[in-house]
Amino acid sequence: MTKKQYLEDLLRASGITGTIYESLKKMSEDEGSYYAGILRGSDKPVRAKSKKIFDNGAVTMNRLKLYDMETVYTVVIAEYDEEHLEEHLEAFFKEISKGFDDGNGNWVGVEAGEVDWVDEKDSILKAKIAVEIPVTFTYGIYKDVPASHMVGTPEIGMEKE
């Protein structure tokens, strides 16, 4: 499961039935007051040096962690009144989990940040009122190498040719 798909599923589970945009430009063009958005903000890679040994059935493998990653998305929920927006926001926080498996056996941590309330006078959006929620995903970038190809310590770049 991708991070975007996770957020879209989360928005749908919290009651969003309207359009979910992936760009600020498309959101700002929407004439209605009921929609959502998933906007990619930033990626922060930090070099990592760890390994995990596992057996894939035929060969012992080393899973090298190349990077610790932090990716931030901004989730936008727009509504026509504060009461409906609060209902969606509460449902969003009831549905968000601590993380999920990415489908490759790797854990992706999920953390929501401080909610920013925006009304129509403070935004380019045409909605009456909206919230912006930063959601941070923490995960790793890995490379699997057969154990027989490793020499020396498990440092990155210590593989045999």
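Preceding block: the structure.
Residues numbered from 1 in each chain as written. Predicted model: local features only at pLDDT ≥ 70, side-chain atom pairs only at ≥ 80, totals over all residues. Heavy atoms only, no water.

Novice: Is there a simple way to think about the overall build of the protein chain in this case?
Specialist: Scanning the protein chain from N- to C-terminus turns up 3 helices and 7 strands. For the protein chain, the sequential pattern of α-helices and β-strands runs α-β-α-β-β-α-β-β-β-β. Per-residue burial for the protein chain yields a buried fraction of 37% across its 161 residues. Taking contacts inside the protein chain between residues at least 6 apart in sequence as the whole, the part at least 24 apart equals 64%. By element, 49% of the accessible surface of the protein chain is carried by carbon and sulfur atoms, the whole surface being about 9400 Å². (Helix = DSSP H or I, 4+ residues; strand = E, 2+ residues; numbered from the N terminus. Buried < 20%, exposed > 50% of the residue type's maximum accessible area, 1.4 Å probe, protein only. Contact = heavy atoms within 4.5 Å. Areas by Shrake-Rupley, 256 points an atom, 1.4 Å probe, with all protein chains shown as cover.)

Novice: Looking at this structure, I do not really get the environment of Asp55. What am I missing?
Specialist: Its place among the elements puts Asp55 in strand 2 (residues 35–55). For Asp55, a relative accessible area of 55% puts it in the exposed group.

Novice: Sorry if this is basic, but what is going on with the pairing of strand 3 (residues 60–79) here?
Specialist: Put simply, side chains in a regular strand alternate between the two faces of the sheet. Summarising burial for strand 3: 15 of the 20 residues are buried, a large majority. With 18 bridges connecting them, strand 3 and strand 7 (residues 129–146) associate as antiparallel partners. By the bridge assignment, Val75 is partnered in strand 7 with Ile133. (Pairing = 2+ DSSP bridges.)

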